[in-house]
Amino acid sequence: MSVTSSPSDIDALPAAPDVHARFVDISGQEPEPIRPWAPVKISRARIEAEIERLASLPQPANGRRGTLIVHPDAVGLGPGLAPGVDVTIDVLKPGERTTPLRRNTGQVEIGISGRGVVHVVGRSTRMERWDVCSIPSMKGHYFENDGDELWVRLSYSNAPLLAKLGVLYSEPLTDQQMAAGPSVPPSADRRSERYIRETAPDIELNDSGARLRGYEYLVDIEVVENNPLHWAWREVREHLSWEEGDGKRTIMALYNPATERRNGATHSFFVTASSMPPGVAAQPLRRGHRHSSVAINYHFLGSGKSVVEGHVVDWSAGDLLLSAPGWSEHDHYHGPDGFGVFTVQDHPLHIGMESLIWQEKMSGPILALGSEAGQTGYVGPRTTGA
C-alpha cells in the first residue's frame, strides 16, 4: 500500500523493535495427532449457584454481571469453554440495563430464565425463556431487563479465536451513537457494486480457473446484509416432535440467510434445537461419530447420557456440556423422559476455512463437508450405528 508521509516524516519516526523470528527445522517431521480436549459438564446446580452469586453483587459501571466458563485446558490468550468458543452466564436484575458496546465478534444469546429486551442498532427484540437471538459483528447493542425477575442468558461468541489472532476488538458506545445508527455512514461518492464490476479488472489467466482482480474487490467487498435475528421458542417448538409418532422432526437448525451455504445462526456458529418425546426407546450402545467442529449442548429438558471417547457423561435439564470437543468420537442417549437441547457448533467457521472434516461412521470415510459431497440420508438422530 502507498505511504502518504514524506521521507522527512518517516525519518523522524522510531525504528521498529529488533525482533527475530525463529527457524524451526521440520524436515521429515510427521504430522502431530489431534489431541481433543476432555468433555466438561457444568451442572445445573453450579450454574444456579453462580447466578445467585452474580445477582448478589452490586451492578458494575458497565451494567454487566457475567461469568466466563473456562475449560481447564484453556490457557493463554482467549480463555473459553472450547479453543475458539466462549460461553458466558449473564445476569440482569429487574430494571437494570447494560451500557452499549460493539465488538467484532459474532454472538448467540440463549435465554434460560426470565425475560428482557436485546437492543441492537435498528432493532429491539423481546427475549423470553429459551428464545435465541443473534448479534452480528460490529453492531452496537445493549441488554435491558424490563421484567420483574432475574433475566439470565447464556452468551456464546468467537472471542477466544479472535483473541488468539490478536484482533479481538471492543468499543463502548453512547446512547446517542446507538440512536444514530452506524458510526460510519456510506460516503456520497461510494462506488456501487455495479461500477466496481464494470471498471475493476477481472482477468482470466488460464483454463485452471485462476484469475487476477483489481484491489477494489478486496477493500469494497460485496455486502451481504446480516441483521440481528430472533428465534422465538414458542414458534420453534411447533416444528419439533413432542409425541412419539407425530411425524415431526427431532432436530432443526436455526438458520440465518446471511450465512448462505454455511447454514449458521452466525457466520461462526450453527444452533440446533432438538427434542425427543418421553417414552421413546433409547438406542443400544454403538460407535459414535466425530467432526472437527466443537459441540456445546445446553440441556433444558429431560435427561440422558453421552459417551465421549469411551467415557460416559450423565446429563439432565439445566446442565451445560462440552459434549463433542473437536474430533472426539461421541454419541448421545436419551432417558425415558426424553430431552430438549440447544446445540452450538463452530461448524460454519470450519466451512469458511475449508477445515470441516466429518466421519459419520467410524468405519466409513472422512469427508470434507462443503468441499465434497457430504453425509446423506440424515434427517434426525441416527437410528442405526456402525
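About the criteria used
- Residues numbered from 1 in each chain as written.
- Predicted model: local features only at pLDDT ≥ 70, side-chain atom pairs only at ≥ 80, totals over all residues.
- Heavy atoms only, no water.
- Salt bridge = Lys/Arg side-chain N within 4 Å of Asp/Glu carboxyl O.
- Helix = DSSP H or I, 4+ residues; strand = E, 2+ residues; numbered from the N terminus.
- Buried < 20%, exposed > 50% of the residue type's maximum accessible area, 1.4 Å probe, protein only.
- Phe/Tyr/Trp six-rings, centres within 6.5 Å; stacked < 30°, edge-to-face > 60°.
- Lys NZ or Arg CZ within 6 Å of the ring centre and 35° of its normal.
- Core = buried A, V, L, I, M, F, W, Y, C linked by side-chain atoms within 4.5 Å.
- Contact = heavy atoms within 4.5 Å.
- 1 Å grid on protein atoms, 1.4 Å probe; cavity = no way out; pocket = protein on both sides within 12 Å on 5 of 7 lines; lining within 4 Å.
- Points joined across faces, edges and corners; volume = space filled by probe spheres on them.
- Nonpolar A, V, L, I, M, F, W, Y, C, P; charged D, E, K, R; others polar.

Asks: Lay out the pattern of salt bridges in plain terms, naming residues and giving numbers.
Replies: Taken as a whole and assessed by the stated rule, the structure comprises 16 salt bridges. Across the pair Glu-32 and Arg-35 runs a salt bridge, and its minimum N-O distance is 3.1 Å.

Asks: Describe unusual backbone geometry, and please don't skip the residues or the numbers.
Replies: At Met-138, a residue that is not glycine, the phi angle is positive and equals roughly 60 degrees. You can see Met-138 is positioned in the loop between strand 8 (132–135) and strand 9 (141–144). Even without being a glycine, Asn-263 presents a positive backbone phi close to 55 degrees. Looking at where Asn-263 falls in the secondary structure, it is placed in the loop between strand 15 (251–253) and strand 16 (270–276). With relative accessibility at 44%, the residue Asn-263 sits in the partly exposed group.

Asks: I'd like a rundown of the packing of aromatic side chains, residues and numbers included.
Replies: One pass over the full model with this rule turns up eight aromatic pairs. Aromatic side chains Trp-130 and Phe-300 sit 4.7 Å apart centroid to centroid with 45 degrees between the ring planes, which places their arrangement in the tilted category. Linking Trp-130 in the loop between strand 7 (123–127) and strand 8 with Phe-300 in strand 18 (residues 295–308), this pair joins segments that are 170 residues apart in sequence. Judged by relative accessible area, which is 13%, Trp-130 ranks as buried. On the accessibility criterion, Phe-300 (5% relative accessible area) is buried. Put simply, the rings of Trp-130, Trp-233, Trp-242, Phe-300 and Phe-342 pair up and form one aromatic cluster. Taking the ring centre of Tyr-142 as reference, the NZ or CZ of Arg-97 above it sits at 4.1 Å. Stacked on the ring of Trp-151, the Lys or Arg Arg-153 has its end atom at 5.0 Å from the ring centre.

Asks: Talk me through the nonpolar core; I want residue IDs and the actual numbers.
Replies: By size, the foremost hydrophobic cluster in this structure holds 39 residues, and its most contacted members are Ile-89, Tyr-156, Leu-320 and Phe-342. It is helix 2 (residues 44–55) that provides the largest number of residues to this core, a total of four residues. With residues near it in sequence (within four places) discarded, Tyr-156 still touches Asp-86, Val-87, Gly-106, Gln-107, Val-108, Ile-110, Phe-269, Ile-296, Tyr-298, Leu-320 and Val-344. If you look at the next biggest cluster of nonpolar residues, it comprises eight residues, including Leu-92, Val-118, Phe-143 and Trp-151.

Asks: Describe in detail empty space enclosed by the protein, supporting the description with residues and values.
Replies: This structure, assessed with the given rule, holds one cavity of 30 Å³ or more. Empty space within the largest cavity amounts to approximately 40 Å³. What lines the largest cavity is Val-118, Val-120, Thr-125, Cys-133, Ser-134, Pro-228, Leu-229 and His-230. Within the residue set of the lining of the largest cavity, elements represented by two or more residues are strand 6 (116–120) and strand 8. Looking at the lining of the largest cavity residue by residue, the class counts come to five nonpolar, three polar and no charged.

Read these as layout, nothing more, since geometry by itself doesn't imply function.
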